[in-house]
Structure formats: C-alpha cells, structure tokens
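Coordinates in review
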Amino acid sequence: MKDNTQAAPRHVAIIMDGNGRWAQARGKPRLYGHRAGGRRVREILTACPDLGVKYLTVFAFSTENWKRTQAEVTGLMTLFKRYITREATALRDNGVCVRFIGDRIRLEPKLVEMMDNLEKLTKDNDLVHLTVAINYGGRDEVARATKRLACDVKAGTLDPEAVDAETLAKYLDTCVLPDPDLVIRTSGEARISNFLLWQSAYSEYEFIDTLWPDFSREIFAEILENFAKRERRYGAVAQ
Ligand code: FPP
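Computed from a predicted structure; not experimentally measured.

**A few points about the overall build of the protein chain**
Along the backbone of the protein chain there are seven helices and six strands. Seen in sequence order, the protein chain has helices and strands lined up from the N terminus as β-α-α-β-α-β-α-β-α-α-β-β-α. When its C-alpha atoms are laid out on the principal axes, the protein chain stretches across 55 × 50 × 35 Å. When the 239 residues of the protein chain are sorted by exposure, 47% land in the buried category. When the accessible surface of the protein chain is summed, it comes to about 12,400 Å², and 51% of that surface belongs to carbon and sulfur atoms. Side chains of the protein chain give 36 positive and 34 negative charges; the mean places of these two sets differ by 6 Å.

**Topic: helix 2 (residues 30–51)**
In a regular helix each residue adds 1.5 Å, so 22 residues correspond to 32 Å; helix 2 covers 31 Å between its end C-alpha atoms and thus fits that length. Turning to helix 2, its buried residues number three or more, namely Gly33, His34, Ala36, Gly37, Gly38, Arg40, Val41, Ile44, Leu45, Ala47 and Cys48. Residue Gly52 follows helix 2 closely and has a positive phi angle near 85°.

**Comments concerning the site of the ligand**
Around the ligand, 17 residues are found, and the nearest of them are Asp17, Gly20, Arg21, Arg30 and Arg68. Interatomic distance of 2.7 Å between a backbone N/O atom of Arg21 and an oxygen atom of the ligand. For the ligand, whose unbound accessible area comes to 620 Å², protein coverage reaches 92%. Broken down by secondary-structure element, the contributors of at least two residues to the shell around the ligand are helix 1 (19–24), helix 2 and helix 3 (70–93). Counting residues per element, the shell around the ligand draws most heavily on helix 2, at four residues.

**A few points about the environment of Ala228**
Here Ala228 lies in helix 7 (residues 217–229). Ala228 gets classed as partly exposed once you look at its relative accessible area, which sits at 25%. Considered as a pair, Ala228 and Pro9 are 219 residues apart in the sequence and their alpha carbons are 7.8 Å apart.

**Looking at the nonpolar core**
If you look at the biggest cluster of nonpolar residues, it comprises 43 residues, and the most contacted ones within it are Val12, Ile14, Leu56 and Phe220. The dominant element in this core, judged by the number of residues it contributes, is helix 3, at eight residues. When near neighbours in sequence (up to four residues on either side) are disregarded, Val12 contacts Val53, Tyr55, Leu56, Thr57, Leu182, Ile184, Phe220 and Leu224. Of all hydrophobic cores here, the second largest spans nine residues; its members include Phe59, Val183, Phe195 and Leu196.

**Overview of the packing of aromatic side chains**
Here the structure, examined in full by the defined rule, presents nine aromatic pairs. Geometrically, the ring pair formed by Trp22 and Tyr32 is stacked, given 5.7 Å between the ring centres and 20° between the ring planes. Placement of the pair is Trp22 in helix 1 and Tyr32 in helix 2, with a sequence separation of 10 residues. Residue Trp22 is classed as buried on the basis of its relative accessible area, which comes to 9%. Relative accessible area serves as the criterion here: at 31%, Tyr32 is assigned to the partly exposed category. A centroid spacing of 5.9 Å and a plane angle of 80° characterise the contact between Phe59 and Tyr136, whose relative ring orientation is edge-to-face. Here Phe59 is found in strand 2 (residues 55–62), whereas its partner Tyr136 is found in strand 4 (residues 128–136), with 77 residues between them in sequence. Here the two residues Phe59 and Tyr136 agree in accessibility, since each one is buried. Connected via pairs of aromatic rings, a cluster forms that spans Phe59, Tyr136 and Phe195. In this structure, Lys28 is placed above the aromatic ring of Tyr32, and the distance from its NZ or CZ to the ring centre is 5.1 Å.

**Examining the pattern of salt bridges**
Under the definition given, this model contains 20 salt bridges. Here Arg21 and Asp17 are joined by a salt bridge, their closest N and O atoms 3.6 Å apart. Given the relative accessible area of 18%, Asp17 is considered buried. Here Lys81 makes a salt bridge to Glu108, at a shortest N to O gap of 2.9 Å. Separated by 27 residues along the polypeptide, Lys81 in helix 3 and Glu108 in the loop between strand 3 (96–101) and helix 4 (109–122) bring together distant segments of the chain. Salt bridges here are not isolated pairs; linked through shared partners, they connect Asp17, Arg21, Arg185, Glu189 and Arg191.

**Looking at the packing of helix 3 against helix 4**
Where helix 3 meets helix 4, the axes come as close as 10 Å, and the angle between the chain directions of the two elements is 15°. If you check the angle between helix 3 and helix 4, you find them roughly parallel. Judged by the twist between their axes, the crossing of helix 3 over helix 4 is left-handed. Contacts between helix 3 and helix 4 pair Met77, Phe80, Lys81, Ile84, Thr85, Ala88, Leu91 and Arg92 from the former with Lys110, Leu111, Met114, Met115, Leu118, Leu121 and Thr122 from the latter. Residue composition of the contact of helix 3 with helix 4, by class: 10 nonpolar, two polar and three charged.

What counts, and where the lines are drawn
- Residues numbered from 1 in each chain as written.
- Predicted model: local features only at pLDDT ≥ 70, side-chain atom pairs only at ≥ 80, totals over all residues.
- Heavy atoms only, no water.
- Helix = DSSP H or I, 4+ residues; strand = E, 2+ residues; numbered from the N terminus.
- Buried < 20%, exposed > 50% of the residue type's maximum accessible area, 1.4 Å probe, protein only.
- Areas by Shrake-Rupley, 256 points an atom, 1.4 Å probe, with all protein chains shown as cover.
- Lys, Arg positive; Asp, Glu negative; His and termini not counted.
- Charge placed at Lys NZ, Arg CZ, Asp CG, Glu CD.
- Expected span 1.5 Å × (residues − 1).
- Near = heavy atom within 4 Å.
- Polar contact = N/O pair within 3.5 Å; in protein donor to acceptor, adjacent residues only side chain to side chain.
- Core = buried A, V, L, I, M, F, W, Y, C linked by side-chain atoms within 4.5 Å.
- Contact = heavy atoms within 4.5 Å.
- Phe/Tyr/Trp six-rings, centres within 6.5 Å; stacked < 30°, edge-to-face > 60°.
- Lys NZ or Arg CZ within 6 Å of the ring centre and 35° of its normal.
- Salt bridge = Lys/Arg side-chain N within 4 Å of Asp/Glu carboxyl O.
- Axes fitted to C-alpha atoms, helices over the stretch in contact; angles between N-to-C directions.
- Parallel < 35°, antiparallel > 145°, perpendicular 65-115°, else oblique.
- Left-handed = near helix turned anticlockwise from the far one by under 90°.
- Nonpolar A, V, L, I, M, F, W, Y, C, P; charged D, E, K, R; others polar.

What follows is the structure, given as structure tokens:
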C-alpha cells in the first residue's frame, strides 16, 4: 500500500475564534480578548519554522465583522495598527514575509498605508510567510476576482474560451500562495464562515474547543501530529 500520510502541512490557515468569550469569562471587555489573541498570533508564527510550516494565514477581520459595535470595530482597527507598528522590525529581522488579503477599499487610509509599507518592508523574506486576512470574505474575493477577469475579457486581453479554474485562481488575493493543507478553527464552532472558500477545496479541517487566546505552541504541535497521520486522497482512491 502506498504511504499517503503527510509530513508537516506546508500551509496552515487559522480561524481565530473565541476572543470575546475568553474576555467575557474574565469579566473583561471583548477587546481584552482580541489583544490576548494578537499575542497568540506572535507565538504561533514564531513556532512555524521549527514545526515545518512555511505559510501561516490568519483570519483577523471578516467582511461580516463590520456588523459589530462601532467601539469593537474601531478597537480592532487600532489593534491592527499597533500590531504593525510594534512587530514590523521583528518581522523583518526574523525572516517573515507579510501579506494582507481582503478588500482594502473600506479600510481607513492610514491602516492601508501601514499594510502596504509592511508588505514592502518584508517582501524579500522567505523563512515563513504570514498572510493576514482583513476585511476578507471568500465570496467577496471570488466576486472581486471575477470582476477583474471580466474586465480583461472586455479589454480583449483574455480569451473567455481559455478561462478555467487555474485562470480564476490567478485573480484571487491569494494568487501567489499555495492552497492551505490544513484549516484550524478554535472555540468549538464547526463552520468555515466564508474563509478561503476556493482555496480550501481539498484542505483538512481541525475544529477544536480551545478559545483562541488559550491556543498554544503545544496545542499547535499536537494538531500537526494528527495531520501527519491523515491520508489525503484529493478525490482519488487509496492505492
Ligand atoms: C474572533 O473572536 C476574533 C476576531 C474577529 C478578531 C481576531 C483578531 C485578533 C486575534 C487580533 C490580532 C490579529 C492580528 C494579526 C494583529 P470573536 O470575537 O468572534 O469571539 P467570540 O466568538 O467568543 O465572540
């Protein structure tokens, strides 16, 4: 029998859920949980090279998260700016290449400028690739990609007969990234909430009860060990 078991997943994507409940359980405001969540991002990112993970993608703010209170939305945007300011030098010096996915049009110009600058600052790094999804939704991404593709067809630079899945993938925000091998969601919810819909067609999923601020390097390593035992067939039969 052919051994289809995997080594470490090359690309891990995480839905970081449970910050609000973690804070509420401590009688603190929700933003206290988001701040603790930000520290976990740093810890998990730092563990990636040792654990053999080359690409880490985290869902920081969805296209649906605008429905939260103004105070929480503003607080999260402030947290993203603070994260960029505080971490930029360490990210650059530690070999991290940072990218942002999602629609930037609705984000405040100052934040967009900081995101652009961090991408430029770290673009030549290749030890680990961190992708942060902000104002990201899978359906929105496919719709934006389709719009750009349609513009190229209209302009005569793309032959509609030549359009296939590979063509569309080139228009996605994630065009330079490999598809995620593993998607983790914390906090006990077993749904994907519009995250990397196209890219996760063949991903393995791991839903765990731990709230994101309680996630740790040890839990991460254990999930990766489980992943290594799984068999991935991509629609084929085991041989
Ligand atoms: C979901 O938990 C979490 C978010 C919507 C925000 C995630 C953001 C961070 C972890 C901040 C730092 C990230 C970076 C990269 C700077 P929730 O609020 O839905 O929790 P709940 O389900 O318990 O209410």
